[in-house]
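Residue strings, one per chain:
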Amino acid sequence: MRTIGRLLLLIIVVLGLAVVALSFVDLGRFSPQIEAAAQKATGRTLKIDGPLHIGISLLPELVAEKISFSNADWGTRPNMVTADKLALKIALLPLLKGQVGLQSVELDGADIYVETDKSGKGNWQFGTASTSAPAQQASGGGAPVLAGVPKVSISDLKITYRDGKTQKVTKADFKKVAITPSGSGVHATIEGDVNGSTIAFDADVNQTSTEIALKNATLTAAGTSVKGDLTVGLAGPKPSIVGALSSDKFDVTPLASGGGSGKSGGGSGKLFSRDPLPLDQLNAANADVTISVATLIYKGVTLQNLKLPIKLKDGTLNLPVSLSYRGTPINVGLTANGGARSVALDAKTAGLDFGKLLADLDATNLLTAKADIAAKLSGHGGSLHDIAASANGATNFALGEGTINSRMFAIASNDLAKALIPNGQSGDTAKLVCVLSAFSFQNGLGTSKALAAETDSLITTGGGTINLGTEQIDLLLKPKPKKASLASLAFPIRVSGPLTAPSGGIDKEGAALGIATAVGGVALTGGVGALLPLMSTGNDSAAASGGCSKLAAAATQDSGVGGTVKGVGSAVGGAAEGAAKGVGGAVDSVTKGIGGLFGK
C-alpha cells in the first residue's frame with residue numbers, strides 16, 4: 001500500500017511539473033487545428049488572435065485571449081461572439097481516465113450578438129448535420145441534473161438580441177454573472193442592466209431529472225424587487241410552472257414606457273397596438289403562479305393589494321385580478337385562449353374616484369366625481385387592435401354627483417365652456433349631477449344604448465357609435481336647458497373623428513330640423529338598473545346616487561325620440577357653432593393621459 005501511495009504521489013508531482021513546464025510553452029501553434037475543428041463542426045469561423053497558453057495554478061488552466069466567432073452569413077454584423085479572455089480549469093485525476101473534469105469557467109469582456117432573420121431563424125442555428133440533431137436526454141427522460149456543473153465567473157458581458165421580424169433590439173450589459181456549485185444545485189447571481197434599467201438576480205437553483213426549482217429567488221429591476229419560489233416540472237409533455245412571487249412595492253412605469261417597434265401607439269396616432277401578441281406561446285407550458293404586490297405604481301397612479309393568480313392550462317390563460325385604488329376595490333377577469341386566439345375581459349368597479357384618477361394620470365384635474373365602470377367584452381385576433389376590432393359585449397359607465405370646471409372645455413374654446421356650462425367663464429365650476437352611458441358592441445362597433453348627462457343647468461342626451469376597428473367616434477349630443485332663458489343654447493353637437501383626437505361641431509341637419517333631445521332612437525327606460533345591467537347599484541356605487549336615479553327617470557320622459565324643441569334651429573348662431581368645434585381638444589387631453597394603457 002505504501003508503494004502505491006508513493007507511486008500516486010510521484011504521478012501527481014510529475015503532472016504538476018508538466019503543467020508548470022507547459023505554462024512556458026506557446027500553444028498558439030495549435031490554434032489553426034482548433035479553428036479548423038470549429039469550422040467543421042459549425043460551419044463558422046473561430047479565430048484566436050491572442051495568446052493560447054496554460055496558466056500556473058493548483059489546477060491546469062487553459063487560457064485563450066482575443067477570441068471571435070463569426071455570425072451567420074445573413075447576419076447584420078460580422079461576429080456573433082467576441083471575448084477578451086476565456087479560461088478553463090481542468091482537474092488532474094479525471095485526465096488519467098481519459099475524461100475531462102471541467103472545474104471552472106472564466107469569461108471576461110464577452111460581446112454576444114443574438115438575432116433572427118425575417119423568417120424567425122436564429123443565428124445560433126448552424127447549417128451542419130452534426131449540430132442539427134436533437135439533443136439527447138438523460139435515460140430517465142428528463143434534463144441532466146445540475147450536480148457537477150463547474151464554477152462560472154463572467155464579467156463585463158454584453159448580450160444583444162435583435163428580432164428580425166419586428167426590428168426590435170434588446171440590449172443587456174451584465175457586470176457580473178456567477179454560478180457556484182451548492183449541494184445538488186447551484187447558487188446563481190446576476191448583476192447588470194437591460195435596456196438601461198438596472199437588474200439583479202439571486203437564487204438557489206436545484207435540479208433533478210424531473211424538475212428545476214428556484215428557492216429564495218430575488219429579482220430586482222429598475223429599483224423594485226420581487227421575491228419568491230418557483231418550480232418548473234419537466235416530467236410531463238410540457239413544462240409546468242408552480243410557485244408564488246411577492247413584492248412590497250413595484251413600479252411598472254419604466255417597463256411600460258419602454259421603446260416599441262414604431263408600428264403601434266403614438267408613432268402612428270393609433271390607440272390600439274398593432275404589434276403581434278404571443279398568444280400561440282400559451283401552449284408552451286402550464287402554470288399555477290400567484291403574484292402579490294402590496295403597492296403597484298404606474299406613473300402617478302398608485303394601486304394597492306394586487307392579487308394576480310396566473311392559471312395556464314393547455315393553452316388557456318385565466319387571470320382573475322383584484323386590486324384597489326384609493327381604497328376602492330377593482331376586479332378584472334382576463335381569459336385568453338392560444339389555440340382560438342381569443343381574449344375575454346370582465347372588469348368591474350363601483351365608487352371609483354374618477355376625478356382623482358384623471359389627475360393622477362396627468363389628464364386633467366378639473367373634475368371631481370366618483371364613477372362606476374363595468375365592461376364585458378371578448379374578441380379574437382393576433383394583436384390588440386385585431387381583438388378590439390372584433391369585440392363583442394357591452395360597457396357601462398356612471399359618473400355620480402360632483403363638480404366640473406369650465407376650463408376643462410375652455411382648453412379649446414371659451415364658447416364651448418359657455419355652451420355646456422351656461423354662463424360659465426374660464427375658472428367657473430358647474431355642479432355635475434350624473435352621467436350615464438351604456439354601449440353594446442358587435443364586431444368592434446359599439447352602439448349607444450343609453451347616453452345622458454346632467455349638470456345644474458341642463459340635461460344632455462345623445463347617441464351614436466364608437467368603432468374600435470377604425471378607431472372612430474360618431475356621437476350626437478343634444479342639450480336641453482333647464483331654464484327657458486337658456487333655450488338658445490339647445491343646439492345639437494356632433495362629436496366625430498379619430499378616438500385619439502375627435503372634433504365637435506354643430507349638427508346643421510339636426511339644428512335645421514329642430515331635433516334636440518333624441519337618443520339615437522333608443523329611450524332611457526327602466527331606471528339605472530335596467531340601463532346599466534353589468535353594474536351593481538349598491539349603496540357605495542355612483543349609479544345609486546339620487547342624481548343618477550332622477551336622471552334616468554327624467555331621461556325617460558325627456559328622451560324625445562322623434563320629438564322636437566321648437567325654435568332650436570333659428571336660435572343657434574355662429575358663435576355657438578364655433579364653440580362646439582373645440583370639444584375634440586378637451587377629449588384629446590384625457591385620451592392622451594390614458595393612451596399608454598392600450599399600447600400607445
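The rules behind each value
Residues numbered from 1 in each chain as written. Predicted model: local features only at pLDDT ≥ 70, side-chain atom pairs only at ≥ 80, totals over all residues. Heavy atoms only, no water. Helix = DSSP H or I, 4+ residues; strand = E, 2+ residues; numbered from the N terminus. Buried < 20%, exposed > 50% of the residue type's maximum accessible area, 1.4 Å probe, protein only. Contact = heavy atoms within 4.5 Å. Areas by Shrake-Rupley, 256 points an atom, 1.4 Å probe, with all protein chains shown as cover. Phe/Tyr/Trp six-rings, centres within 6.5 Å; stacked < 30°, edge-to-face > 60°. Salt bridge = Lys/Arg side-chain N within 4 Å of Asp/Glu carboxyl O. Disulfide = S-S within 2.5 Å. Core = buried A, V, L, I, M, F, W, Y, C linked by side-chain atoms within 4.5 Å. Expected span 1.5 Å × (residues − 1). Pairing = 2+ DSSP bridges.

Digging into the overall build of the protein
Then step 1. Helix and strand content of the protein: 15 helices and 28 strands.
Then step 2. Across the 600 residues of the protein, 41% fall into the buried class.
Then step 3. Across the protein, the fraction of contacts at a sequence separation of at least 24, relative to all contacts at a separation of at least 6, is 53%.
Then step 4. Carbon and sulfur atoms form 58% of the exposed surface of the protein, whose accessible area is close to 30,000 Å².

Side note on the packing of aromatic side chains
Then step 1. Enumeration according to the criterion identifies three aromatic pairs in this entry.
Then step 2. For the pair Phe69 and Phe126, a centre-to-centre distance of 6.0 Å together with 90° between the ring planes defines the contact as edge-to-face. Within this pair, whereas Phe69 is found in strand β3 (residues 61–70), its partner Phe126 is found in the loop between β6 (111–115) and α4 (129–132), the two being separated by 57 residues in sequence.
Then step 3. The class of Phe69 is buried, set by a relative accessible area of 14%.
Then step 4. Under the relative-accessibility criterion, Phe126 is labelled partly exposed at 24%.
Then step 5. Here Phe354 and Phe397 contribute two aromatic rings whose centre-to-centre distance is 5.4 Å and whose plane-to-plane angle is 65°, an arrangement assigned as edge-to-face. Of this pair, Phe354 sits in helix α6 (residues 354–360) while Phe397 sits in strand β21 (residues 392–399); the two residues are 43 residues apart in sequence, bridging distant segments of the chain.
Then step 6. By relative accessible area, which is 17% here, Phe354 ends up buried.

Some words on the pattern of salt bridges
Then step 1. Tallying each qualifying case throughout the model produces eight salt bridges.
Then step 2. A salt bridge links Glu471 to Arg274; the nearest nitrogen and oxygen atoms lie 2.8 Å apart. In this pair, Glu471 is assigned in the loop between β25 (458–467) and β26 (472–481) and Arg274 in the loop between α5 (253–256) and β14 (286–298), connecting sequence segments 197 residues apart.

So, the environment of Gln207
Then step 1. Note on placement: Gln207 falls in strand β10 (residues 197–207).
Then step 2. Since its relative accessible area comes to 9%, Gln207 is described here as buried.
Then step 3. Along the primary structure Gln207 and Val232 are separated by 25 residues, whereas in three dimensions their C-alpha atoms are 9.4 Å apart.

Things to note about the state of the cysteines
Then step 1. What the rule picks out here adds up to one disulfide.
Then step 2. In this model Cys434 forms its disulfide with Cys548; the gap between the sulfur atoms is 2.0 Å. With the S-S bond torsion at 95°, the cross-link from Cys434 to Cys548 turns out right-handed. Of this pair, Cys434 sits in strand β23 (residues 429–442) while Cys548 sits in helix α12 (residues 546–558), and the two are 114 residues apart along the sequence. No difference in accessibility class separates Cys434 from Cys548, as the two residues are buried.

What to know about the nonpolar core
Then step 1. In this structure, Tyr325, Phe354, Leu357, Leu367 and Leu399 are the most contacted members of the largest nonpolar core, which totals 36 residues.
Then step 2. Listed by contribution, the elements that provide at least two residues to this core are β14, β15 (301–313), β16 (316–325), β17 (328–337), β18 (342–353), α6 and β23.
Then step 3. Formed by 17 residues, the second largest nonpolar core is a distinct cluster that contains Ala374, Ile459, Val528 and Met535.

So, helix α2 (residues 31–42)
Then step 1. The end-to-end C-alpha distance of α2, which contains twelve residues, comes to 16 Å, matching closely the 16 Å that a straight helix rising 1.5 Å per residue would cover.
Then step 2. Gly43, located one to two residues past α2, shows a positive phi value of around 80°.

Quick notes on the environment of Ala72
Then step 1. Its place among the elements puts Ala72 in the loop between β3 and β4 (79–90).
Then step 2. Along the chain, Ala72 and Asp117 lie 45 residues apart, while their C-alpha atoms are 10.0 Å from each other.
Then step 3. Discounting residues that sit within four places of it in the chain, Ala72 has contacts with Arg44 and Asn123.

A short note on unusual backbone geometry
Negative phi is the rule for most residues except glycine; trans is the rule for most peptide bonds.
Then step 1. Positive phi outside glycine occurs at Asn216, with the angle close to 50°.
Then step 2. Within the secondary structure layout, Asn216 lies in strand β11 (residues 211–221).
Then step 3. We classify Asn216 as exposed; its relative accessible area is 57%.
Then step 4. Despite not being glycine, Glu471 shows a phi value in the positive range, around 55°.

What about the side chain of Asn123?
Then step 1. Note that Asn123 resides in the loop between β6 and α4.
Then step 2. With a relative accessible area of 0%, Asn123 lands in the buried category.
Then step 3. Residue contacts for Asn123: discarding those within four places in its chain leaves Arg44, Asn71, Ala72, Trp74, Met80, Tyr113, Val114 and Glu115.

Considerations on the pairing of β17
Then step 1. In terms of strand pairing, β16 meets β17 through ten bridges, oriented antiparallel. Residue pairing across strands places Ser324 opposite Pro329, the latter belonging to β17.
Then step 2. What sits between β16 and β17 in their antiparallel hairpin is a turn of two residues, with Arg326 showing a positive phi close to 50°.
Then step 3. Direction of pairing for β17 relative to β18: antiparallel, over a ladder of eight bridges. Paired with Thr335 across the strands is Ala344, a residue of β18.
Then step 4. Hairpin connection between β17 and β18: a loop of four residues separates the two successive antiparallel strands, and Arg341 in this loop has a positive phi of roughly 55°.

A few points about the pairing of β6
Then step 1. In the sheet, β4 pairs with β6 via two bridges, with the strands oriented antiparallel. Considered in β6, the bridge of Thr82 is made with Asp111.
Then step 2. When β6 meets strand β7 (residues 151–162), the two strands line up parallel, connected through five bridges. Bridged to Glu115 within β7 is Arg162.

Considerations on the environment of Ser496
Then step 1. Mapping Ser496 onto the fold places it in strand β27 (residues 493–498).
Then step 2. Sequence separation of Ser496 and Ile473 is 23 residues, and the distance between their C-alpha atoms is 5.0 Å.
Then step 3. Contact partners of Ser496, with chain neighbours within four places excluded, come to Ile473, Asp474, Pro502 and Ser503.

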